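Each chain, written out:
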Amino acid sequence: MWTILFDIDGTLIRTQGVGMGAMGQTIRELYGDVNVPDISVHGRTDRGIIGEIFETLQMPLKGDIASFYRAYCKRLEAWIVNSEGYTLPGVEPVLEILDQDPDVALGILTGNVRRAAEIKLDRFGLREYFHFGGYGDEHADRNDVASAAWVSARNYLGKKFDPEKIWVIGDTRNDVRCARSINAKALAVETGGESSELLATSGPDMQLKNLERADAWLDTLKSPNRLKQYR
Ligand SMILES: [Mg+2]
């Protein structure tokens, strides 16, 4: 059976900055009127992003990280309702097809903390498609999130799990890099924060403008011997 692990932001959906907005507001709420640094977030984990923000601010985190996550997720949940986010092109038809495929199991591989991932997927009606995953609560390095997703898939699928049959679908070079760290194939989509040229430097097995026109490429996920046509 094939395991397909999807990134969330820039791959399934765009939230138009609601996540970082909610995180910045949470920091200001808990720490007063600090200047939250504008750091690069593409392909990063929430744990890594928060770590860098507090390092840049030269402030220690008050209390434990779990209570920070709770405050952040509460705000995210309130803000995302009226956000101008959207599901990316082709995502819903592809998930619908894969969901019906008895040879495929779908999971999440995201830098979002688990609760934030659930909030984002719920907002766009996508949560039901995914049964396991790796999240950014504990790990600053996406490769560690990939390992967690691998273990989660194996636990969920049991004997049906095949470590030789894993795809990671994401919108950044970090997604491709973490796919390699678990010996997975990588599909890069140009719907997120990185240019097609930059994405190509990471050497994904497949690279697509977006997830539309699934009839032209979806079969290749299960028949990687056809991959050369995409190189
Ligand atoms: Mg992403």
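Residues numbered from 1 in each chain as written. Predicted model: local features only at pLDDT ≥ 70, side-chain atom pairs only at ≥ 80, totals over all residues. Heavy atoms only, no water.

Examining the overall build of the protein chain
- On a plain count of helices and strands, the protein chain comes out with nine helices and eight strands.
- Whereas a compact globule of 231 residues would reach a radius of gyration of roughly 17 Å, the protein chain reaches 17 Å, a difference of no more than 12%.
- Counting across all 231 residues of the protein chain, residues that qualify as buried make up 51%.
- Counting 28 positive and 34 negative side-chain charges, the protein chain places the averaged centre of each group 3 Å from the other. (Helix = DSSP H or I, 4+ residues; strand = E, 2+ residues; numbered from the N terminus. Rg over C-alpha atoms; globule rule 2.2 N^0.38 Å. Buried < 20%, exposed > 50% of the residue type's maximum accessible area, 1.4 Å probe, protein only. Lys, Arg positive; Asp, Glu negative; His and termini not counted. Charge placed at Lys NZ, Arg CZ, Asp CG, Glu CD.)

Comments concerning the packing of helix H1 (residues 18-31) against helix H2 (residues 46-57)
- Running from amino to carboxyl end, H1 crosses H2 at an angle of 45°, the nearest separation of the two axes being 12 Å. Classified by the angle between their axes, H1 and H2 sit oblique to one another. Where H1 crosses over H2, the two elements pack in a sense that is right-handed. Taking contact as the criterion, the partners of Met 20, Met 23, Ile 27 and Tyr 31 in H1 are, on H2, Asp 46, Ile 49, Ile 50, Ile 53, Phe 54 and Leu 57.
- Each residue belonging to the contact of H1 with H2 can be placed in one class, and the counts come to nine nonpolar, no polar and one charged. (Axes fitted to C-alpha atoms, helices over the stretch in contact; angles between N-to-C directions. Parallel < 35°, antiparallel > 145°, perpendicular 65-115°, else oblique. Left-handed = near helix turned anticlockwise from the far one by under 90°. Contact = heavy atoms within 4.5 Å. Nonpolar A, V, L, I, M, F, W, Y, C, P; charged D, E, K, R; others polar.)

Observations concerning the coordination of the magnesium ion
- Taken together, the protein donors to the magnesium ion comprise Asp 7 (OD), Asp 9 (O) and Asp 171 (OD), at separations of 2.1 to 2.2 Å.
- In terms of primary sequence, the donors binding the magnesium ion are separated according to D-x1-D-x161-D.
- Residue classification places Asp 7 among the buried residues on the basis of a relative accessible area of 5%.
- We classify Asp 9 as partly exposed; its relative accessible area is 27%. (Donors = N, O, S within 2.8 Å, 3.2 Å for Na, K, Ca; no water.)

Details of the sheet that holds strand E7 (residues 185-189)
- A sheet is described by the order of its strands in space; here six strands give the open sequence E5-E4-E1-E6-E7-E8, paired in parallel fashion. What marks the edges here is a single partner per strand, and that holds for strand E5 (132-134) and strand E8 (206-208). Each neighbouring strand pair of the sheet contributes to a mean axis angle of 25°, computed without reference to strand direction.
- Sheet topology places strand E1 (residues 2-6) next to strand E6 (residues 166-170); four bridges connect them, and they run parallel. Bridge pairing in E6 places Phe 6 opposite Ile 169.
- Together, E1 and strand E4 (104-109) form the strand contacts of helix H4 (residues 91-100), whose direction differs from that of E4 by roughly 130°.
- Lying over the sheet, helix H7 (residues 173-181) contacts E4, E6 and E7, oriented at roughly 170° with respect to E7. (Pairing = 2+ DSSP bridges.)

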